[in-house]
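Survey of secondary and tertiary structure
What follows is the residue order along each chain.
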Amino acid sequence: MRVLLIGSGGREHALAWKIAASPLLTKLYAAPGNPGIGQEAELVTLDIADHAAVARFCTEKKIDLVVVGPEGPLVAGIADDLRAADIRVFGPSRAAARLEGSKGFTKDLCAKYDIPTAAYGRFGDLASARAYVEKMGAPIVIKADGLAAGKGVTVAMTLTEALAALDACFEGSFGKAGAEVVVEEFLVGEEASFFCLCDGVTALPFGTAQDHKRVGDGDVGPNTGGMGAYSPAPVMTPEMIDCTMREIVEPTMRGMAELGAPFSGVLFAGLMISDKGPKLIEYNTRFGDPECQVLMMRLKDDLLVLLNAAADGQLAHTSVRWRDETALTVVMAARGYPGTPEKGSVIRGVEEAARDGVEVFHAGTAINSGALVANGGRVLDITATGGTVGEAQKRAYAALDRIDWPQGFCRRDIGWQAVAREQAR
Ligand code: AMP
Ligand code: GLY
């Protein structure tokens, strides 16, 4: 099979690594990719926003499957435009990607299909949003409706904070994404990420993980795209997975089909697990980054077989096997992240780190005069497995400490909740 992978982050490096291991693969291209992905694939310069150009490339190179990593192109309709040109795609249509592209759309779907989620209101103007927030009181959560690169959510512990977040949205801090606002009840519990592969009809559970969104140890400081993750998530017991499928994922699949927008691709449910069971915080319509990295480390099966089954509507006849170990990834970020990161500093020791089963996925790197340099906020994902979360954590940090990059930083406590649980046993 000839495959084109779209994207350039750590998620896509992990996907490229796993796709490259498939006996079905004859040629892998990646656009735009990064130096790590370049070890697995031929990198091509394509304007991803120019769907006609991507389609021309696919026809010319006889691409059998396009795998779309990030949400941006999906929400922009790349899957529709490629399918219209008879090109097979793993990823949802524009209409189905509204599950990520519009928080209000998802909340309305939850209301219609009785899917457990935070109580909410949708507002298109400041005055009515303010009135609702003042009536509900703090803590309360304010969300820009559209895609805002993970920055459009404010968990406001006070009324003042909540009103300031509303002002920011309606003053245009998030551009068009904030022209509409969702105001939500504050949920309490433990967060978990739950993934399904979907083919429009069937959703196949595809692993669990826990992410660490805050930049600092002990979960303090500003939100990031994710500073580390591990899989599986101990809160996602088999019973909790069954309950999530029954109460959240299956009604979503049914609802999307009824709306004429059947969902195919990765459905990523961000969940809050409370003593009353799972509630949906949000959907993403792609793999998590860095959650994908730990899933790929644990996946026993051929990823290409699974992506094919999803693209062809064959998931009802498919199963997935996982390694028993825990996988854990630690993100090394460039100083300045999640604000403006310093670019261009030289990174040494990646080969020394990536041994004994440890993988170092590239998230934001470039080659400059033959040297590996930082070229983004999140730069490397050091990923290890172990019999326990504690063991995976120890191996990941031992590998990370072999990397020589003074301008980089990481959290030192990835996996802390699960490690504390293991130690309490
Ligand atoms: P989101 O971008 O929707 O995933 O939100 C970012 C983070 O904000 C989530 O991972 C949660 O930690 C937090 N969050 C979002 N919605 C809620 C909610 N209704 N209650 C409590 N925390 C929330
Ligand atoms: N790590 C969270 C996300 O990919 O949205």
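For the structure, see preceding data.
First, a word on what this report is: a plain description of the structure on this page. (Residues numbered from 1 in each chain as written. Chains lettered and ligands numbered in written order. Predicted model: local features only at pLDDT ≥ 70, side-chain atom pairs only at ≥ 80, totals over all residues. Heavy atoms only, no water.)

Considerations on the overall build of the protein chain
- Regarding its fold elements, the protein chain presents 14 helices and 22 strands.
- Relative to the globule expectation of 22 Å for 425 residues, the C-alpha radius of gyration of the protein chain, 21 Å, shows essentially globular dimensions.
- Its C-alpha atoms give the protein chain principal-axis dimensions of roughly 60 × 50 × 45 Å.
- When contacts within the protein chain are restricted to residue pairs at least 6 apart in sequence, those whose partners lie at least 24 apart make up 69%.
- Surface summary for the protein chain: the accessible area is close to 17100 Å², and the carbon and sulfur share equals 51%.
- One way to put it: in the protein chain the 43 positive side-chain charges average out to a point 1 Å from where the 54 negative ones average out. (Helix = DSSP H or I, 4+ residues; strand = E, 2+ residues; numbered from the N terminus. Rg over C-alpha atoms; globule rule 2.2 N^0.38 Å. Contact = heavy atoms within 4.5 Å. Areas by Shrake-Rupley, 256 points an atom, 1.4 Å probe, with all protein chains shown as cover. Lys, Arg positive; Asp, Glu negative; His and termini not counted. Charge placed at Lys NZ, Arg CZ, Asp CG, Glu CD.)

Remarks on the side chain of Glu12
- Tracing the backbone through its elements, the reader meets Glu12 in helix H1 (residues 10-20).
- Looking at Glu12, the relative accessible area reads 2%, which means it is buried.
- Every residue in contact with Glu12, bar those within four places of it in the chain, is listed here: Leu5, Ile6, Gly7, Ile37, Gly69 and Pro70. (Buried < 20%, exposed > 50% of the residue type's maximum accessible area, 1.4 Å probe, protein only.)

Some words on the packing of aromatic side chains
- Per the stated rule, a full pass over the model turns up 7 aromatic pairs.
- Between the aromatic rings of Phe123 and Tyr132, the centroid separation amounts to 5.1 Å while the plane-to-plane angle is 45°, which identifies the pairing as tilted. Here Phe123 matches Tyr132 in class, with each residue buried.
- Three or more aromatic residues link up through ring pairs in this structure, and these residues are Phe195, Phe206, Phe268, Phe287 and Trp322.
- Above the ring of Tyr29, the side-chain terminus of Lys27 is found at 5.1 Å from the ring centroid. (Phe/Tyr/Trp six-rings, centres within 6.5 Å; stacked < 30°, edge-to-face > 60°. Lys NZ or Arg CZ within 6 Å of the ring centre and 35° of its normal.)

Overview of the site of ligand 2
- Taken together, Asp211, Gly225, Phe268, Asn284, Arg286, Gly288, Asp289, Pro290 and Glu291 are the residues near ligand 2.
- Contact distances for ligand 2 include 2.8 Å between an oxygen atom and a side-chain N or O atom of Arg286.
- Take Glu291: an N or O atom from its side chain is 2.8 Å from a nitrogen atom of ligand 2.
- Compared with its free state, where it exposes 200 Å², ligand 2 has 89% of that area covered by protein.
- Partitioned by chemical class, the residues of the shell around ligand 2 number 2 nonpolar, 3 polar and 4 charged. (Near = heavy atom within 4 Å. Polar contact = N/O pair within 3.5 Å; in protein donor to acceptor, adjacent residues only side chain to side chain. Nonpolar A, V, L, I, M, F, W, Y, C, P; charged D, E, K, R; others polar.)

Things to note about the nonpolar core
- Among the nonpolar cores identified, the biggest contains 41 residues, and Phe206, Phe287 and Met296 are the most heavily contacted of them.
- Per-element tally for this core: the top contributor is helix H11 (residues 303-311), with 6 residues.
- Dropping the residues within four chain positions of it, Phe287 is found in contact with Arg11, Leu15, Phe195, Leu197, Phe206, Val266, Phe268, Cys292, Leu295 and Met296.
- In terms of nonpolar packing, the next biggest core, distinct from the first, is built from 29 residues, Ala203, Met245, Leu267 and Leu280 among them. (Core = buried A, V, L, I, M, F, W, Y, C linked by side-chain atoms within 4.5 Å.)

Looking at the sheet that holds strand S3 (residues 42-43)
- With parallel pairing, 5 strands are arranged side by side in an open sheet as S3-S2-S1-S4-S5. This sheet does not close on itself; its edge strands, each paired only once, are S3 and strand S5 (89-90).
- Across 2 bridges, strand S2 (residues 27-32) lies against S3 in parallel orientation. Its bridge partner being in S3, Ala30 is matched across the sheet by Leu43.
- Against the sheet, helix H2 (residues 51-60) engages strand S1 (2-7), S2 and strand S4 (65-68), with an angle of about 155° to S1.
- Contacting S1, S4 and S5, H11 crosses the sheet at an angle of about 95° to S4. (Pairing = 2+ DSSP bridges. Axes fitted to C-alpha atoms, helices over the stretch in contact; angles between N-to-C directions.)

What to know about the environment of Pro222
- Following the sequence through the fold, Pro222 ends up in strand S13 (residues 220-223).
- Classification of Pro222 as partly exposed rests on a relative accessible area of 47%.
- Distance from Pro222 to Glu161, taken between C-alpha atoms, is 14 Å for residues 61 residues apart in sequence.
- Contact partners of Pro222, with chain neighbours within four places excluded, come to Lys213, Arg214, Val215 and Pro338.

Spatial relationships are all this shows, so hold off on functional conclusions.
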